[in-house]
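Structural overview for review
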Amino acid sequence: MNIMYRACLKASKLLIRDFGEIEKLQVSSKGPGDFVSSADKRTEKILIEELQKAHPDYGIVTEETGIINKSNMKNRWIIDPIDGTMNFLKSIPQFAISIGYEEEGEIKCGVIFNPIMNEMFCAEKGNGAYLNNSRIRVSNKKKIKDALLVTGGPKGSSKIKDKIFSEYINVSKNVSNVRKFGSAALDMAFVACGRFDGYWQREINLWDVAAGVVIVKEAGGFFCF
Ligand code: IPD
Ligand code: CA
């Protein structure tokens with residue numbers, strides 16, 4: 001946990017500065033609807049350096065670089081340097097650094113940090129989930145009709161847009177309301193602390209949700225992938 005905190009805090013210093021100077025960022029296109037900023041790449045570089053300093057042999061799965069130390073499948077960091085890239089680029093403070101630690105196929109620890117709101121969500125298997133220093137729990141809504149849910153997608157390149165939209169309509173009719181906040185990691189963190197009652201999404205990547213899995217579970221929730 002300490003290694004992940006340190007990496008997050010170091011990377012977030014530059015991210016906060018970049019957020020304040022968002023117009024000056026160089027933006028490159030990575031396909032329809034999926035933009036990656038130079039801040040994204042630099043944040044990932046800092047995270048990798050910090051995590052590798054502590055454990056040079058661990059595998060790393062990242063959104064930008066791909067897989068590092070492929071042969072180590074036993075211990076892996078799973079990194080999303082900026083989850084909510086579109087929000088970041090539009091100066092919307094709903095994005096986060098997300099790091100999960102996986103051991104023998106199970107996510108054991110996770111950290112999701114929104115540097116602008118200064119909200120650090122974290123959990124370690126067996127030790128509960130926390131928002132900054134306070135213990136968090138999922139909501140206790142009993143009925144789906146009373147639930148406030150959150151979702152994401154479809155991506156610009158999605159081939160199942162119609163299916164995703166009709167699912168959105170169907171779900172919306174059966175719950176209290178639905179939100180789309182643009183950061184899967186924070187969507188899950190918000191479920192963990194009871195702000196949302198649930199989250200669903202198709203076409204999601206491991207790095208979007210890895211840290212969220214353990215945080216939601218340790219907050220008393222459940223997760224299906
Ligand atoms: C995206 C966000 C978004 C979700 C997308 C993800 P990115 O991650 O989590 O909420 O709907 O599926 O790809 O591109 O901002 O790191
Ligand atoms: Ca992401």
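Let me begin by describing the structure that accompanies this report. The shown structure was predicted, so the numbers you read here are calculated from the model rather than taken from an experiment.

So, the nonpolar core
- Counting residues in each nonpolar core, the largest one holds 31 residues, and the members touching the most others are Ile112, Phe121, Ile136, Tyr199 and Ile215.
- In contact with Phe121, not counting residues within four places along its chain, are Gly110, Val111, Ile112, Tyr130, Leu131, Ile136, Leu186, Ala189, Phe190, Cys193, Arg195 and Ile215.
- Core analysis: the second largest hydrophobic core is formed by 29 residues, Met4, Ile48, Ile79 and Ile99 among them.

Here we look at helix H5 (residues 184-192)
- By the criterion of burial, H5 is predominantly enclosed, with nine of the nine residues buried.
- Ala184, Ala185, Leu186, Asp187, Met188, Ala189, Phe190, Val191 and Ala192 are the residues of H5 that are buried.
- Looking one or two residues beyond H5, the residue adopting positive phi is Gly194, at roughly 85°.

Let's talk about the packing of aromatic side chains
- For the structure shown, the criterion picks out eleven aromatic pairs.
- Ring centres of Phe19 and Phe95 lie 5.3 Å apart, and the angle between their planes is 50°; on these two criteria the pair is classed as tilted. Here Phe19 is found in helix H1 (residues 2-20), whereas its partner Phe95 is found in the loop between helix H3 (85-89) and strand S6 (96-103), with 76 residues between them in sequence.
- When its relative accessible area of 0% is taken as the criterion, Phe95 is described as buried.

Quick word on the site of ligand 1
- Near ligand 1 there are 16 residues, and of these Asp83, Gly84, Thr85, Ala184 and Gln201 occur at the shortest range.
- Gly153 places a polar main-chain atom, nitrogen or oxygen, 3.3 Å from an oxygen atom of ligand 1.
- Note that an oxygen atom of ligand 1 is positioned 3.2 Å from one of the backbone N or O atoms of Gly182.
- Considered on its own, ligand 1 offers 380 Å² of accessible surface; in the complex 88% of this is hidden by protein.

Description of the pairing of strand S5 (residues 75-83)
- Across the nine residues of S5, nine count as buried, placing the element largely inside the fold.
- The sheet contact formed by strand S3 (residues 59-62) and S5 spans four bridges and is parallel. Note that in S5 the partner of Gly59 across the bridge is Arg76.
- Strand direction decides the pairing type here: S5 and S6, joined by seven bridges, are antiparallel. Looking at the pairing, Ile79 lines up with Ile99 of S6.

Conventions adopted
Residues numbered from 1 in each chain as written. Chains lettered and ligands numbered in written order. Predicted model: local features only at pLDDT ≥ 70, side-chain atom pairs only at ≥ 80, totals over all residues. Heavy atoms only, no water. Core = buried A, V, L, I, M, F, W, Y, C linked by side-chain atoms within 4.5 Å. Buried < 20%, exposed > 50% of the residue type's maximum accessible area, 1.4 Å probe, protein only. Contact = heavy atoms within 4.5 Å. Helix = DSSP H or I, 4+ residues; strand = E, 2+ residues; numbered from the N terminus. Phe/Tyr/Trp six-rings, centres within 6.5 Å; stacked < 30°, edge-to-face > 60°. Near = heavy atom within 4 Å. Polar contact = N/O pair within 3.5 Å; in protein donor to acceptor, adjacent residues only side chain to side chain. Areas by Shrake-Rupley, 256 points an atom, 1.4 Å probe, with all protein chains shown as cover. Pairing = 2+ DSSP bridges.

Purely spatial values, then, with no claim about function.
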